[in-house]
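# Fold and contact review
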Amino acid sequence: MPRSRELLYRRHAGPGSTAGIGLAIATALAAEGAKVVVNGRTEARVAAALVKIRQRVANAELRGVAADLGTATGVDAFLKQVTEAESVAGQIGRLPSRGIGFLTSECA
């Protein structure tokens, strides 16, 4: 995959990037040359995600941060370790069972 000049050398944070859509986004950003911060709730999940990304993007510039962003303590821990990011892309948790129509600006 070609590297994007717009993403090259930029740092992107990926909350919930150890599986699914978040992992796919983190992998795509790394393939485009971005520096990616991979986040998950546990060290083991973050380490596994880093391995998966490096299998697809050998020269990926990655950093892993284990922190549960569903808690205030986890958010504080994440922000202490990730002080700069030009974008945040990914998914945290799941939608409420009532579906996307239930979401409001307060959820963003």
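What you see is a predicted model; the values in this text were computed from it and never measured.

Turning to the overall build of the chain, a few remarks are in order. Of the regular secondary structure elements, the chain holds 3 helices and 4 strands. N-terminal to C-terminal, the α/β element order of the chain is β-α-β-α-β-α-β. Look at the contacts in the chain between residues 6 or more apart in sequence, and 62% of them connect residues 24 or more apart. Carbon and sulfur atoms make up 53% of the accessible area of the chain, which totals about 7000 Å².

Another point: the pairing of strand β2 (residues 35-40). Counted residue by residue, β2 has 5 buried out of 6 residues, so it is predominantly covered. With respect to chirality, the unit in which β2 leads through helix α2 (residues 43-56) into the neighbouring parallel strand β3 (residues 61-66) is right-handed.

Here the focus is the nonpolar core. Note that soluble globular proteins tend to have their nonpolar side chains buried in a common cluster. Counting 15 residues, the largest nonpolar core has Ala30, Val36, Val38, Ile53, Ala60 and Leu62 as its most contacted members. Residue assignment for this core shows that the elements contributing at least two residues are α1 (20-31), β2 and α2. At 5 residues, α1 tops the list of elements feeding residues into this core. Listed in part, the 7 residues of the second largest apolar core include Val37, Val65, Ala67 and Val82.

With respect to the helices and strands, the residue Asn39 is situated in strand β2. A polar side-chain atom of Asn39 sits 3.0 Å from the main-chain carbonyl oxygen of Val65. From its side chain, Asn39 meets the backbone oxygen of Ala67 in a polar contact 3.1 Å long. Ignoring sequence-local partners within four residues, the contact set of Asn39 consists of Gly14, Pro15, Gly16, Ser17, Thr18, Val46, Val65, Ala66, Ala67, Leu69 and Phe78.

With that settled, consider the environment of Val38. Turning to its location among the elements, Val38 is positioned in strand β2. Between the C-alpha atom of Val38 and that of Ala13, which follows or precedes it by 25 residues, the distance is 6.6 Å. Beyond its immediate chain neighbours, meaning those up to four positions away, Val38 contacts Gly14, Ser17, Thr18, Val46, Ala49, Leu50, Ile53, Leu62, Arg63, Gly64 and Val65.

Rules behind the numbers
- In this convention, every chain numbers its residues from 1, walking through the sequence in written order.
- The model is predicted, so local features are restricted to residues of pLDDT at least 70 and side-chain atom pairs to those at 80 or more, both for listing and for counting; the totals for chains, interfaces and linings are taken over all residues.
- Heavy atoms from the whole structure form the basis of all side-chain values; hydrogens and water molecules are not counted.
- Each helix corresponds to a stretch of at least 4 residues labelled H or I by DSSP, and each strand to a stretch of at least 2 residues labelled E; elements are numbered beginning at the N terminus.
- Only heavy atoms matter for contacts: two residues are in contact if any of them lie within 4.5 Å across the pair.
- Per-residue and other accessible areas follow the Shrake-Rupley method at a 1.4 Å probe size, with only the shown protein chains counted as cover for residues.
- For each residue, the accessible area found with a 1.4 Å probe, counting protein chains only, is set against the maximum for its type, and the residue is called buried under 20%, exposed over 50%, and partly exposed in between.
- Handedness is read with the strands pointing away from the viewer; a crossover is right-handed when the path from the first strand over the helix to the second is clockwise.
- The set of buried Ala, Val, Leu, Ile, Met, Phe, Trp, Tyr and Cys residues whose side-chain atoms join them within 4.5 Å is what this entry labels a nonpolar core.
- Polar contact criterion, stated in full: a pair of N or O atoms within 3.5 Å, where within protein one must be able to donate a hydrogen and the other to accept it, and residues adjacent in sequence count only if both atoms are side-chain atoms.

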